[in-house]
Amino acid sequence: MRIIKFKEKVMLESKLKPCLPGKEYIISDGYLSQITEVVGQNAIEGIYPFFEVAEKKYNGQDLTDKKILIWRTGGMGDLCFITPNLKYIKDNFKNSKIIFGCGHRFSYGMMNHPHIDELIQLPIDKKYLDEADYYLMFEGIIENNKEAQTKNAYDLFSERFGFNLKEEDKLPILGMSNESLEQAKKLMLNSDNKKIVGLGLKASHIIRSIVPKTLHEIMQLLIQSDIRIALIGSKDDAEVANMLPFANHPLVIPCYKHSEDYRDAIAQISLLDGLIGPDSSPIHIAASFKKPIVGLFGAFPSELRMRYYQNATGMDARLPCSPCFLHGIGTCEYSHPHTKEPMCMHIQQSELVVREIMMLMHYTKPPLASKNLSVLGSP
Amino acid sequence: MAFAEKPKKKENKEIGNFDNRKMSSDERIAQLENFMEHAISMINNQGGALQAAMSKISQLSFKLGKTEEELHIVRVSNRVQRDKLDTIMKSLTELGIIDDQIFDIVFSKIETKFLPINSEGAINGNVLMRRYNPPSDIPHPEKMMQI
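Thresholds, definitions, all that
- Residues numbered from 1 in each chain as written.
- Chains lettered and ligands numbered in written order.
- Predicted model: local features only at pLDDT ≥ 70, side-chain atom pairs only at ≥ 80, totals over all residues.
- Heavy atoms only, no water.
- Helix = DSSP H or I, 4+ residues; strand = E, 2+ residues; numbered from the N terminus.
- Rg over C-alpha atoms; globule rule 2.2 N^0.38 Å.
- Buried < 20%, exposed > 50% of the residue type's maximum accessible area, 1.4 Å probe, protein only.
- Areas by Shrake-Rupley, 256 points an atom, 1.4 Å probe, with all protein chains shown as cover.
- Lys, Arg positive; Asp, Glu negative; His and termini not counted.
- Charge placed at Lys NZ, Arg CZ, Asp CG, Glu CD.
- Pairing = 2+ DSSP bridges.
- Axes fitted to C-alpha atoms, helices over the stretch in contact; angles between N-to-C directions.
- Right-handed = clockwise from strand over helix to strand, strands pointing away.
- Salt bridge = Lys/Arg side-chain N within 4 Å of Asp/Glu carboxyl O.
- Phe/Tyr/Trp six-rings, centres within 6.5 Å; stacked < 30°, edge-to-face > 60°.
- pLDDT = per-residue confidence, 0-100.
- Contact = heavy atoms within 4.5 Å.
- Parallel < 35°, antiparallel > 145°, perpendicular 65-115°, else oblique.
- Left-handed = near helix turned anticlockwise from the far one by under 90°.
- Nonpolar A, V, L, I, M, F, W, Y, C, P; charged D, E, K, R; others polar.

Caption draft 1: Geometry of the overall build of chain A. A count of helices and strands for chain A gives 13 helices and 14 strands. Relative to a compact globule of 379 residues, whose C-alpha radius of gyration would be 21 Å, chain A shows 21 Å and is just as compact. The principal-axis extent of the C-alpha atoms belonging to chain A is close to 60 × 50 × 40 Å. The burial tally for chain A puts 59% of its 379 residues in the buried class. When the accessible area of chain A is evaluated, it comes to approximately 15,600 Å², of which 47% is carbon and sulfur surface. Counting 44 positive and 45 negative side-chain charges, chain A places the averaged centre of each group 3 Å from the other.

Okay, structure coming up:
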């Protein structure tokens, strides 16, 4: 973590509020290099070390009538791992106030969250730290932590909070945009009453993504079973969808084309009967609705992510090199010579995956698999 | 692509010819390491025996993978063996047989068979299927083949 000051008003991203001269901002080391590239050295007045403030660092203290600043630089999955702790705070500490900071792209996924009082974006304006009674950040909690190779992500995050959550509470909690939900209903629901299975198109790195060949086989089997398929992702995932021969089949709903941000993805996933996906945010979002899930894993064991999910199955590749715990920085040594897809994602078995999601959907009792889920969060 | 001759049956009998239930954890790991050495030797000596070697690795994993404890041993051992897998891949490179087909031939055609590991999971080929908090009345994966 660093503190950065700018000489002039700078726009780091078009949709972000500008950073103002003279003010101090907290940034991660990774983000620092991006900022330097975007604004150039001349716009930066100084970069200083971030010194932890021991008396403000949170580790389970009483938050009654207190304000806590929490931030995380990771992706949507990481934010999901934090969310049950936000509920714990609100349930246990009266009049506590939560200021939550995350990257711009992922902030949409945290909008309407029932337990966040104020949502802010990275880089964090240091005034929020100065005004807070406590703060908590999670730098290196997964990416540079050996313990993350043996301990479930929900346990890692709750231990950082100093909380001892019940197993049944270790589930993500997300808010819902009513506008996105209405759009998703128009897109996805019709009168045929067929089951809808979501298919996660892509993870943030190829090392965790389902290979197109397997996606195609899964789609083929689902279509043969007269099940509708929702292709879950963002508009950026069109390149994957374009590789799928059944992408334009009448039973396929191209949700990714209608997903402007995470609010849409959350709404779309809430309407599914089940989800098949790689080690990526859609399975965590689906877990917040207790949807039947089949997760395809290679680099990381599914147990470290899905252990507490309901009606969930992890398909773990078992090769001599797995689990390798590679985060996607660089490429797997045993990847396909041309496509760079790792071996572990090549050996996943489509038939087994489809059979399992159908079993989970069949045996999951309503209302969990119903489309009439209650909406979380504020209207 | 032409692979060389298949491994001799005598060698197959030697590989994995043990009763893992009577072994301690250390013995199982030692057995796996011995096996890997043997697999590498087979590849170095016979070139085209990779498929058989990997299939045997898979079979050995099955034998070790009947309980949670044993699975853990398999996983730990597998991590230890990364450098040895690297040796295998280097041997393949030297033999000039690393190409697109390596995936289809070696890693996707290994024996497919359900083996229960506990009430929540099963091994199918090279995939460990683990259920987390499943519906209470869902059939065990072992029985799924008949459904």
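Caption draft 2: Expanded view of the sheet that holds strand β6 (residues 118-121) of chain A. Residue and element names in this part refer to chain A. Reading across the sheet, the four strands line up as β6-β5-β4-β8 and stay open at both edges, with parallel pairing between neighbours. Of all strands in the sheet, those with a lone pairing partner are β6 and β8 (134-137), marking the two edges. Taking the axes of each pair of neighbouring strands and ignoring which way they run, one obtains an average angle of 20° across the sheet. Looking at chain direction, strand β4 (residues 67-71) and β8 are connected through four bridges and run parallel. Its bridge partner being in β8, W71 is matched across the sheet by M137.

Caption draft 3: Geometry of the pairing of β6 of chain A. Residues and elements named next belong to chain A. Bridge count for strand β5 (residues 97-102) against β6 is four bridges, and the pairing is parallel. Bridge pairing in β6 places C102 opposite Q121. With helix α3 (residues 104-110) bridging β5 and the parallel β6, this β-α-β connection has right-handed handedness.

Caption draft 4: Summary view of the pattern of salt bridges. Residues and elements named next belong to chain A. Summed over all chains, the structure comprises 19 salt bridges over all chains. The residue D91 makes a salt bridge to K87 at a minimum N-O spacing of 2.7 Å. Taken together, the residues span about one helical turn, with D91 and K87 both in helix α2 (residues 76-92) at a distance of four residues. The exposure class assigned to K87 is partly exposed, which follows from its relative accessible area of 33%. Among the ionic pairs, K170 bridges to D155, the shortest N-O distance being 2.6 Å. Separated by 15 residues along the polypeptide, K170 in the loop between α5 (153-161) and α6 (178-188) and D155 in helix α5 bring together distant segments of the chain. This pair shows no difference in class: K170 is buried, exactly as D155 is.

Caption draft 5: Structural view of the packing of aromatic side chains. Residues and elements named next belong to chain A. Under the counting rule described, the total for this entry stands at 16 aromatic pairs over all chains. With a centroid separation of 5.9 Å and an interplanar angle of 20°, the aromatic rings of W71 and Y135 are classed as stacked. Residue W71 is located in strand β4, and its partner Y135 is located in strand β8; the two are separated by 64 residues in the primary sequence. Residue Y135 is classed as buried on the basis of its relative accessible area, which comes to 1%. Geometrically, the ring pair formed by Y154 and Y309 is edge-to-face, given 5.8 Å between the ring centres and 75° between the ring planes. Of this pair, Y154 sits in helix α5 while Y309 sits in the loop between α11 (303-306) and β14 (312-317), and the two are 155 residues apart along the sequence. Its relative accessible area of 1% is what places Y154 among the buried residues.

Caption draft 6: Representation of the confidence of the model for chain A in the model. Taken residue by residue, chain A gives an average pLDDT of 89. The fraction at 70 or more is 95%. Scored below 50 in pLDDT, residues 368-379 of chain A makes 29 contacts in the model with residues more than four places away or belonging to other chains.

Caption draft 7: View of the side chain of D125 of chain A. Looking at the element boundaries, D125 of chain A is found in strand β7 (residues 124-125). Filtering out sequence-adjacent residues up to four positions away, D125 of chain A remains in contact with K23, E24 and Y25 of chain A.

Caption draft 8: Molecular detail of the packing of α2 of chain A against α5 of chain A. All names here are of chain A. Put simply, α2 and α5 touch, their axes get as near as 9 Å, and they point 45° apart. With respect to their mutual orientation, α2 and α5 come out oblique. Crossing of α2 over α5 shows right-handed handedness. Residues D78, C80, F81, I82, P84, N85 and I89 of α2 lie in contact with α5, whose contacting residues are A153, Y154, F157, S158 and F161. Here the residues of the contact of α2 with α5 sort into nine nonpolar, two polar and one charged.

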